[in-house]
Number of protein chains: 4
Amino acid sequence: MIDYRSDNTGRAAPEILEALVEANNGTALGYGGDEWTAHLQERFSDLFETSVRVFPVATGTAANALSLAAISPPWGVVYCSELAHINTSEANAAGFFGGGLKLAPVAGTHGRIDAEALAQTLTAIQPGQLHRGQPAAVNMTQASDLGTVYRLDEVRAVGEAAKSRKLHVHMDGARFANALARLNCSPADMTWRAGVDILSFGCTKNGGALCDAIVVFNPELVDGLAIQLRRAGQVWSKMRFASAQLMAYIENGLWLRLAQSSNAIAARIAEGVGTLPGVRLLAPVEVNEIFLETTPDILDALEREGFLFYRRSKVLGRFVCRFDTTEAEADALIATIRNAAAPARAAE
Amino acid sequence: MIDYRSDNTGRAAPEILEALVEANNGTALGYGGDEWTAHLQERFSDLFETSVRVFPVATGTAANALSLAAISPPWGVVYCSELAHINTSEANAAGFFGGGLKLAPVAGTHGRIDAEALAQTLTAIQPGQLHRGQPAAVNMTQASDLGTVYRLDEVRAVGEAAKSRKLHVHMDGARFANALARLNCSPADMTWRAGVDILSFGCTKNGGALCDAIVVFNPELVDGLAIQLRRAGQVWSKMRFASAQLMAYIENGLWLRLAQSSNAIAARIAEGVGTLPGVRLLAPVEVNEIFLETTPDILDALEREGFLFYRRSKVLGRFVCRFDTTEAEADALIATIRNAAAPARAAE
Amino acid sequence: MIDYRSDNTGRAAPEILEALVEANNGTALGYGGDEWTAHLQERFSDLFETSVRVFPVATGTAANALSLAAISPPWGVVYCSELAHINTSEANAAGFFGGGLKLAPVAGTHGRIDAEALAQTLTAIQPGQLHRGQPAAVNMTQASDLGTVYRLDEVRAVGEAAKSRKLHVHMDGARFANALARLNCSPADMTWRAGVDILSFGCTKNGGALCDAIVVFNPELVDGLAIQLRRAGQVWSKMRFASAQLMAYIENGLWLRLAQSSNAIAARIAEGVGTLPGVRLLAPVEVNEIFLETTPDILDALEREGFLFYRRSKVLGRFVCRFDTTEAEADALIATIRNAAAPARAAE
Amino acid sequence: MIDYRSDNTGRAAPEILEALVEANNGTALGYGGDEWTAHLQERFSDLFETSVRVFPVATGTAANALSLAAISPPWGVVYCSELAHINTSEANAAGFFGGGLKLAPVAGTHGRIDAEALAQTLTAIQPGQLHRGQPAAVNMTQASDLGTVYRLDEVRAVGEAAKSRKLHVHMDGARFANALARLNCSPADMTWRAGVDILSFGCTKNGGALCDAIVVFNPELVDGLAIQLRRAGQVWSKMRFASAQLMAYIENGLWLRLAQSSNAIAARIAEGVGTLPGVRLLAPVEVNEIFLETTPDILDALEREGFLFYRRSKVLGRFVCRFDTTEAEADALIATIRNAAAPARAAE
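Residues numbered from 1 in each chain as written. Chains lettered and ligands numbered in written order. Predicted model: local features only at pLDDT ≥ 70, side-chain atom pairs only at ≥ 80, totals over all residues.

Q: Describe the sheet that holds strand 4 (residues 102-106) of chain D, with residues and values.
A: All names here are of chain D. Pairing within the open sheet is mixed, and its 7 strands lie in the order 2-8-7-6-5-3-4. Strands with a single pairing partner mark the edges of an open sheet, and in this sheet they are strand 2 (53-57) and strand 4. In this sheet, neighbouring strand axes are inclined to one another by 25° on average, regardless of whether the strands run parallel or antiparallel. In terms of strand pairing, strand 3 (residues 76-81) meets strand 5 (residues 134-141) through 4 bridges, oriented parallel. Across the sheet, residue Tyr79 finds its bridge partner in strand 5, namely Val138. (Pairing = 2+ DSSP bridges. Helix = DSSP H or I, 4+ residues; strand = E, 2+ residues; numbered from the N terminus. Axes fitted to C-alpha atoms, helices over the stretch in contact; angles between N-to-C directions.)

Q: Explain the interface of chain D and chain C residue by residue, including any values.
A: Listed as interface residues are 40 residues of chain D and, on the opposing side, 40 residues of chain C. Those elements that place two or more of their residues in the side of chain D that touches chain C are helix 1 (14-22), helix 3 (60-71), helix 5 (93-97), helix 10 (222-231) and helix 11 (240-250) of chain D. Grouping the constituent residues of the side of chain D that touches chain C by class yields 18 nonpolar, 15 polar and 7 charged. (Contact = placed C-beta atoms within 7 Å. Nonpolar A, V, L, I, M, F, W, Y, C, P; charged D, E, K, R; others polar.)

Q: Report on the domain arrangement of chain A, specifying residues and quantitative values.
A: Residues and elements named next belong to chain A. For chain A, the assigned domains read domain 1 (2-7 + 255-347) and domain 2 (14-252). Listed by contribution, the elements that provide at least two residues to the side of domain 1 that touches domain 2 are helix 12 (254-273) and strand 10 (289-294). Counting residues per element, the side of domain 1 that touches domain 2 draws most heavily on helix 12, which supplies 7 residues. Classifying every residue of the side of domain 1 that touches domain 2 gives 12 nonpolar, 4 polar and 3 charged. (Domains from an automatic or database assignment.)

Q: Quick rundown of the sheet that holds strand 10 of chain A? Include the residues and the values.
A: Residues and elements named next belong to chain A. As summarised here, the arrangement of the 4 strands in space is 9-10-13-12, forming an open sheet in which the pairing is antiparallel. A single partner strand is all that each edge strand has here, and the edge strands are strand 9 (279-281) and strand 12 (310-313). If you compare each strand with its neighbour and ignore which way they point, the axes differ by 30° on average. As paired strands, strand 10 and strand 13 (residues 316-320) are joined by 5 bridges and run antiparallel to one another. Residue pairing in the sheet places Glu293 in a bridge with Leu316 of strand 13. Sitting on the sheet, helix 12 touches strand 9, strand 10 and strand 13, and the angle it makes with strand 10 is about 20°.

Q: So what's going on with the confidence of the model for chain A? Which residues, and what values?
A: Of all residues in chain A, 98% have pLDDT values of 70 or greater, and the mean over the chain is 96. Here the prediction assigns the complex a pTM of 0.95, and the interface score ipTM is 0.96. (pLDDT = per-residue confidence, 0-100.)

Q: A description of the relation of the copies chain A and chain B should follow, citing residues and the corresponding values.
A: Of the transformation placing chain A onto chain B, the axial shift is 0.0 Å and the rotation is 180°, giving an RMSD of 0.0 Å. Taken together, the rotation and translation describe the operation of a two-fold axis. When each C-alpha of chain A is compared by its distance to the rotation axis, Ala58(A) comes out closest, at 3.2 Å. Interface overlap between copies is the fraction of interface residues in one copy that are interface residues in the other; for chain A against chain B it reaches 100%, indicating a shared surface. (Least-squares fit on C-alpha atoms with pLDDT ≥ 70 in both.)

Q: Requested: an account of the packing of helix 3 (residues 60-71) of chain A against helix 10 (residues 222-231) of chain A, with residues and values cited.
A: Residue and element names in this part refer to chain A. Interhelical geometry of helix 3 versus helix 10 gives an angle of 135° and a closest axis separation of 10 Å. As judged from the angle between their axes, helix 3 and helix 10 are oblique. In this structure, helix 3 meets helix 10 at a crossing whose hand is right-handed. Contacts between helix 3 and helix 10 involve Leu66, Ala69 and Ala70 on the former and, on the latter, Gly224, Leu225, Gln228 and Leu229. (Parallel < 35°, antiparallel > 145°, perpendicular 65-115°, else oblique. Left-handed = near helix turned anticlockwise from the far one by under 90°.)

And the structure:
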């Protein structure tokens, strides 16, 4: 059984669990008052080249929903892609944590929003229309839910469109490392330098075990968020075990190596099958996800051969590469698709 | 520095971290669809001698607030002790998750509520008074926030008072193992057989690392809670790392051994200082917490000598024993208190 | 100045205010325990040919948001038209009262949703996908926000699509009387007989003063809603003054006469200008609203001549007829548009 | 049947309904954009001798809960009397509108909070204790729920205790006019000059029909509240009918005359029965409410004779005087109590 279901079906990177085990030493003040969490602030501030506040949280849903609640009042509207994870997949978490805040889709391509479309949407809303939800924030999912990335100028353009109307900007970085590895830029350039106020910093999907984080660039957001995290049940008493994971994650570039690996496997698969007859990539493969539009026969064959993947419809399959997916596993997938596609080719 | 600040300043039990590391093997379906979580259901059902549903969550606050939200509508009133952790210490989490539900104090002794007082409170409220919050549920904190425990007949009496008005019953078991070790009864007798519908099952304070759990006895509560957990950001995608901790926690009686140890240390301290002049135990020491009402001099001396503890006022200190607090540490505390109390004795 | 801005800029029908004044007699139990409110239940049950529960509320927003909160859990999704008032115009009220519930647009024409599109949307969602918002309810706005009406078979088709997936059905009847007058059917046929569980019963836009109502057909919804209304601040202590308005509204067919009048004026205008060159009706004029897509010159001319209306863009104007808009006012509008359109015609 | 159940069982003052009817003239912009609402701002600013913002709302519960939500974050604690209406009687409305904010009782006498007790409570809470609800605001109910009033120096003392910890101050003035009539001071002295930020301005209990109001003294609260009112369904589209009531209410001192009348009747009753054997006033009668602790026989006799009142227990009855309760009705009550008490006297 070769597993392409999700990057969250995978193991944790051994380095991360080792760090967790090493943190099991002596006593430490609870709820983030420990040394590990203090160091975490420093290390992330170095990483992002500015003073940031890092809050470890249990899940990406918590990171997203609490971030949005921090940048939008309950009567606010948060603009995002129709396909954004916050819109399709978090069981109304944003509305819950945000006291009823509303998500509104903005047009764009392949899971991204388009800065121009955002600007037009905002132009149509005049200030003072109290009967409407009030424009409050913008979300970018980087990498997107179709496995594409915003280029730096695209992030900046969305950031500018938002800032010109005094909207806050949230980046859902569930696959932040994968996007960063793809763009080969600095974390700072992809975030606060481009207008991002607050970041859901993913770790779990890329080799983490039990935590993600919120990284706050805009210091005005910190105090409210700190207390909100408490009442949201997202502040571990033994926080050191979370902070230690996050430090190990970025230590010596581990996170980027893991992301480069899964990105490379995905690229290998895309190259191996993308031009086969009867096979279409739903979106450019820019990180570690591949969406294949193909024939039912090919997807049936993959299931028969024991490949695990998420079949969204008869003809659409999602394949996600984990940090430890191997080239051999990629080649097995490619070969099976090629074989299954062969009759189609032969029949042409 | 000897640390009596809290049981959450402690390490994790090595067995629990070993189990976590061992779970890092192969791929597994996300969000609780894995084998570890399936086994967890079975093991806890065995443990509680009935079919239960176990949901691992990140923190005790999440366990409590989500449990209360599951058993009270937003217009409900949840009765609890004035001193209950849900009332004093969770930053309005119950109100948040419960959509505005209200906590109302009921009288009792040493952090417990009294069944008679509860019954009287309920008698004064006539059905159909829509302008009031509607009686919905009762909370017992077992062990209580003053380190005492409800006897079995007390749990049952509260349960009966609640059931006679169709109220649900929640037990906050942040120190469930300590209470169980004290009463030396079965988990079933202390919960569902006494009327408990839903339990916050603590693990972190007693040797866990990053998770606690909600145990549901009343099957009607399961479906709503399952989806609520999603939107609350409390469902880890790599759930196996949480479930593995919880299984190790109860395996071979580990949890009870850990709780017996911290209980015994606390009893040793209570015995060692409880009858000194100028020293008073605020409540009977029944589990692993000691509340000392004493002179400012004695508490000053302890701080000077490097003991860490939570000083609630000039004359009140809380001392909590961890599973790995040693007899030597207990004796050091006793000796320091005795020495500091000696002048008082000499002066008598 | 002739006012076509909205039907809520208008007066109240004198009969309604007279009833309000007549209710000012003697003392009466508060919060709906009065005789007027008891009679209201009977009268509306007669009107709808079934036992209903009527709750007077202050505004249509309250009626809608509380109705939706009654039929959807906080993690629910409510399907509606993109153009539905609940989606565009109530400042996130549904998300607020519903604890974070989510509105999701469904395709359709002219402000209505299409039963087929709803069925397809629901088919794509498999039960048990806990990471998604859970399908809970459907909203129809009757008449729609573009001034069109669902035919009876269309209401039934939407109702059936909803019921086949156990979704509740809400009708936003802010202009219920206008729709009823148009279809010339019974209130029962347009609601519960077609699957509607709960109705926002509009009164204000059609001659009321200070209240609308929620009409509940599904008795399971009553108890929760009754207490929810309390904590929502929607239960007047002197309820008789609201109930009296609602009784006068339906007495002797007043409501239908008022709606017939505004519908007729709108039809007159549509006929008078609908076929002019450079003038297009954005949607069929089926009740008392006219959306004119036309040239900037024509809309400018109307503003210059002192007509008040809601100009949604340079080329789109909304004109709403009140119950007391006169034929003379309609003819003045028609004449001004004709004159302004004349050069266009001359230039052809 | 003589009715002492509540001041909300009464009629509206004819002047108020006349004003409502007179407002039924011409068209007017909806949602508060009308002339009546504009004048209302001016008139209340004159009345309060400072620039205020007035928002008419449907009920006192809405006024209270929305005011509290405006001055406390969801993680805030609002201090109030145990007996405060917001605490006992609004079905958790404050928790609902405030996203889970918490009410905490503070000691005091006869339904008031004591400034000293408030200060002590606040002293015990150190800044930065994120696990607790965060002190945010203070509520005074003026007149109180036991029919007493805060003297001006008491209002100021509570205000100062609040301000010294940067807490906001809300006054629940459901019976504001009664308190004002009693103290014979200016509205300004009883509110903003004493530290009040926001006021629930009651009208219904003192001769109004269908509206109360929120009066905002602190301009920072206005923008958020304005949009919050929209999503709360508390902004009537035909607002003029509410604003006209509120203007008539204060015109030519009507409100004070009405309050003086009900206060005087209550004083008459208190004088007539307060010193009878077997009769005790639960609290000084300072406005229009009388709480009689007496024998079951006396309360039984009153019920037998057809008096309507709220019997809180066998021996406690609440009697509320309306603006139109007559001296004859008072004397009838007095006589019946005297007669019923006579045997007790005879038996002495």
